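Remarks on the overall topology
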Amino acid sequence: MQEPHLNCQPEFQRAEDASADVNHQLDAKHRPTEHRPTEHHAQPFRPFDAPRCVICHSPLSVHEQVNGKTCSRGECKTSYLRVEIQAEHRRQAALRQRSLATRDRIRREHSLDLSRDDAFGILPSNDRPLKQPSKRQIGEFVDRLTQVISHAAQIHFGSVPAEDLTDEYDKPTDATPRQLAVLGNGCAVCRGHCCSQGKGHAFISVDTILKYLNANPTARPRDVLQAYVSRIGSRTYADSCVYHSQNGCELPREMRSKVCNGYLCKGLYSVLSQLQENESSTAFVVATDQNHVLRAGVIDPAGHQLYDCAELSSDDQTTSNQAEA
Ligand code: SF4
Ligand code: SF4
Ligand SMILES: [Zn+2]
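It is worth spelling out the pairing of strand 1 (residues 119-123) at this point. For strand 1, the tally of buried residues reaches 4 of 5 residues, placing the bulk of the element in the interior. Both strand 1 and strand 6 (residues 283-288) contribute to a ladder of 5 bridges, which runs parallel. Considered in strand 6, the bridge of Phe120 is made with Phe284.

For ligand 2, the full set of nearby residues is Gly192, Cys195, Gly198, Ala202, Phe203, Cys241, Tyr243, His244, Cys249, Leu251, Arg256 and Cys260. Taken together, the residues that form the shell around ligand 2 break down as 8 nonpolar, 3 polar and 1 charged.

Where helix 5 (residues 177-190) meets helix 9 (residues 266-278), the axes come as close as 10 Å, and the angle between the chain directions of the two elements is 150°. Our pair here, helix 5 against helix 9, has a crossing hand that is right-handed. Residues Gln179, Val182, Leu183 and Gly186 of helix 5 lie in contact with helix 9, whose contacting residues are Leu268, Val271, Leu272 and Leu275. Of the residues contributing to the contact of helix 5 with helix 9, the split by class is 6 nonpolar, 2 polar and no charged.

Quick look at the site of ligand 1 now. Near ligand 1 there are 13 residues, and of these Cys187, Cys190, His193, Cys194 and Cys265 occur at the shortest range. Elements that contribute at least two residues to the shell around ligand 1 include exactly helix 5 and helix 9. With 3 residues, helix 5 is the single largest residue contributor to the shell around ligand 1. In terms of residue class, the shell around ligand 1 is built from 9 nonpolar, 4 polar and no charged.

Within the largest apolar cluster, 26 residues are counted, with the highest numbers of intra-cluster contacts made by Leu123, Leu183, Val189, Val271, Ala283, Val285 and Val286. Of all the elements in the fold, those that place two or more residues in this core are strand 1, helix 5, helix 9, strand 6 and strand 7 (293-300). Looking at this core, the element that brings in the most residues is helix 5, giving 6 residues. Apart from residues no more than four positions distant in its own chain, Leu183 is found in contact with Ala175, Leu264, Leu268, Val271 and Leu272. Membership of the second largest hydrophobic core comes to 22 residues, among which are Ala153, Cys195, Ile204 and Tyr243.

Taken in spatial order, the 4 strands line up as 1-6-7-8 in an open sheet, and their pairing is mixed. Edge strands, defined here as strands with exactly one partner in the open sheet, are strand 1 and strand 8 (303-306). Sheet twist, expressed as the average angle between the axes of neighbouring strands with direction ignored, equals 25°. Where strand 7 meets strand 8, 4 bridges bridge the pair, whose relative direction is antiparallel. If you follow Asp300 over to strand 8, its bridge partner there is Gly303. Contacts from helix 5 reach strand 1, strand 6, strand 7 and strand 8 within the one sheet, and its direction differs from that of strand 7 by about 160°.

Criteria and cut-off values
Residues numbered from 1 in each chain as written. Chains lettered and ligands numbered in written order. Predicted model: local features only at pLDDT ≥ 70, side-chain atom pairs only at ≥ 80, totals over all residues. Buried ≥ 20, exposed ≤ 12 C-beta atoms within 10 Å, placed from the backbone. Helix = DSSP H or I, 4+ residues; strand = E, 2+ residues; numbered from the N terminus. Pairing = 2+ DSSP bridges. Near = placed C-beta within 6 Å. Nonpolar A, V, L, I, M, F, W, Y, C, P; charged D, E, K, R; others polar. Axes fitted to C-alpha atoms, helices over the stretch in contact; angles between N-to-C directions. Left-handed = near helix turned anticlockwise from the far one by under 90°. Contact = placed C-beta atoms within 7 Å. Core = buried A, V, L, I, M, F, W, Y, C linked by C-beta atoms within 7 Å.

In structure tokens form, the structure reads like this:
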């Protein structure tokens, strides 16, 4: 069940709560003394009933209120940053604990033959709704793509010199095809959280198209455009890439950009390291938001299988063994 919204709480009450919370986390050694302006310096106007700095409790000027929860003193900013970093560490540790508990429960309930050596990963999660991409979204994407194809064709057919194209990101360093297949199935559990970064361009660049032209030497620019446009998804995740659909990426790997083929988020990078270290080809992964496990599954080179999870929605309580294309 969702937690109730607290937005109806008066502003000053929330500021006081936040202040109490922060000071509870700061030991006396790190707590700055109250800010007492001297009469020698011109001070910005600070009404007495204004929200207060969560560290030193001085009333905040309008400018300080806009910038955050502390006054402008470096001491307060540093103390607050320290508190935020500690809170982030606690959040990550709690999420990891919850994820490991989910793995152990699923292992027990389904008598899963997961060895202790099998990799484990905490991934983000895409939970955007699916919708039909708008004409405007497609139009802007195709306009940009047309320019990229035209530039690539000029290079390919020799009318302009080739640029210095880098090899970066073509595939994750040292990953074998089996490991790449496992990682792709991790992305299927996550449902493509990072693909929202491909909004408007799908990371397609001149070198993406040159690679396609080299693999398809008889293709004319209009054929290339047709090949890419025909794969735009009919229902894609809102505010994301035009190829980002429920079944994963609509583009085959050889048509994707180097970024798309090579990027690994932190969670997936950790899975790859464990696969390499343990010489295993199975991993247990969870897809999470900030604080919750949303999906859980076992991935291997053949596909992914989702398992019931206490925090799953009813739509997700099915198993799937569909490999990512
Ligand atoms: S790389 Fe990470 S964030 Fe991107 S789709 Fe794969 S699991 Fe999700
Ligand atoms: S082209 Fe495919 S992999 Fe790349 S951002 Fe779009 S949906 Fe994701
Ligand atoms: Zn302060």
